[in-house]
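# Residue-level structure breakdown
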Amino acid sequence: MEQPANRTKIVGYWFNEKKCQKFGVAELKAACKRRGIELVKIDMGNPMEEQGPFDLMLHKLTAMYAQALNHDPKATAAIRMVENYIDEHPEMIVMDPLPGVHRLLLRNQTYELLQQCFKNDDKVFTPTYVELSTTNVHHNKKMLQEANVTFPVVCKPVTAGGGIEAHEMAVVFNENRISECTLPCVAQSFINHGAVLYKLFVLGPMWFVIVRPSLKNFYAGVDGCFDINKLAAEQETVHFNSNNVSKADSHSPLTQLDPSDMKEDLPKADPAVFNRIVTKLCEALNMDLLGIDVVIDSSTEKYGIIDVNAFPSYDSVPNLMEHLVDLLIMRMDHSAPVNTTRISESKNKPGLTTPPDHPQEDSGVDTG
């Protein structure tokens, strides 16, 4: 039976409580109401069949998926219910489709996709990486060499988006100290990038770039404070939380360039390259809501993609709720994917300036 064309559209959403508070759901609900959309929170403790129908489902399920991967029965049951409901209601639009979200759950899968997407691009790459799961030094050394991973390396949790622990990382200067990291991990070549991180926030056919602080340059065999030559084996592992380091107001010593690196001019970012990155990834993942972390190699001036996240925080994106509601309406009116091809514009030029501070999004896990 056809629904009246002018009926109220219903968007079912699910974020955990932490995401609800940080993202500002009350503001989103008000923006939806102004446009004739009813925003309804999905209760994972009750059957979705009793809560729908929904024209569109808006979700941030990555943390719940991470918990399900750890065999949490409550999260597993909730995920199974969502997946079954989606299968049984193909008329409902899902933002974003689950296959793309699945691909971003594990960093090694994400990096494999990135290498495939940009293998023929002479300006864009993802740093070499390998998954390590043992404290055996000789085995790790062989794995690193075969994958062309060079020191220093950044050791990252395999699972992305699973809460605070997903952002606990370490810069390691030699294979003997890999055991100081939580295993298994993804070890990725560290790229010196002048302590500047470009966060690309994608909202369907619109994207913004926000400049953030990042880790300073590191060199295996050099003491960073005074440029004193030092055996890599003697260099201590640098542990850090990636969210804390990249906050807009971060004053961590880890983001302060050493004197010798301050002499170098930073490469100028090219919006056309950012646009190419956004377009290719949105097409490959079939997703609208993405956060893409990019650094520019200080030596080669190539663009390194170091992480991709589903439904990011969108910190400092102007008029966020209006843009998001525009996207919801566009998808409900035209469910076919729309390629991301243009740069968003605003009077404040958000892509060219460092914005005021907002907390970085960090998903905890709850299913209630």
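Residues numbered from 1 in each chain as written. Predicted model: local features only at pLDDT ≥ 70, side-chain atom pairs only at ≥ 80, totals over all residues. Heavy atoms only, no water.

## Some remarks on the packing of helix 6 (residues 107-117) against helix 10 (residues 271-285)
In the contact formed by helix 6 and helix 10, the axes pass within 11 Å of each other and the chain directions differ by 120°. Judged on the interaxial angle alone, helix 10 and helix 6 are oblique. In the crossing of helix 6 with helix 10, the sense of the turn from one axis to the other is right-handed. On the side of helix 6, the interface is formed by Leu113, Leu114 and Cys117, while helix 10 contributes Lys280, Leu281, Ala284 and Leu285. Among the residues forming the contact of helix 6 with helix 10, the class breakdown is six nonpolar, no polar and one charged. (Axes fitted to C-alpha atoms, helices over the stretch in contact; angles between N-to-C directions. Helix = DSSP H or I, 4+ residues; strand = E, 2+ residues; numbered from the N terminus. Parallel < 35°, antiparallel > 145°, perpendicular 65-115°, else oblique. Left-handed = near helix turned anticlockwise from the far one by under 90°. Contact = heavy atoms within 4.5 Å. Nonpolar A, V, L, I, M, F, W, Y, C, P; charged D, E, K, R; others polar.)

## What to know about the pattern of salt bridges
Once the charged atoms of two side chains with opposite charge are near each other, the side chains can pair. Taken as a whole and assessed by the stated rule, the structure comprises eleven salt bridges. The salt bridge involving Asp121 is made with Arg276; its shortest N-O contact spans 2.7 Å. Taken together, the residues span a long stretch of sequence, with Asp121 in the loop between helix 6 and strand 5 (124-125) and Arg276 in helix 10 at a distance of 155 residues. Ionic pairing is found between Asp307 and Lys156, a salt bridge with its closest N-O pair at 3.8 Å. Taken together, the residues span a long stretch of sequence, with Asp307 in strand 16 (residues 303-310) and Lys156 in strand 7 (residues 153-157) at a distance of 151 residues. Both residues of the pair, Asp307 and Lys156, count as buried. (Salt bridge = Lys/Arg side-chain N within 4 Å of Asp/Glu carboxyl O. Buried < 20%, exposed > 50% of the residue type's maximum accessible area, 1.4 Å probe, protein only.)

## Remarks on the sheet that holds strand 4 (residues 93-95)
Pairing in this open sheet of four strands is parallel, and the strands run 2-1-3-4 from one edge to the other. Two strands close off the open sheet at either side, each with one partner strand: strand 2 (37-41) and strand 4. Adjacent strand axes in the sheet meet at a mean angle of 25°, parallel and antiparallel pairs treated alike. The sheet contact formed by strand 3 (residues 56-59) and strand 4 spans three bridges and is parallel. Note that in strand 4 the partner of Met57 across the bridge is Val94. (Pairing = 2+ DSSP bridges.)

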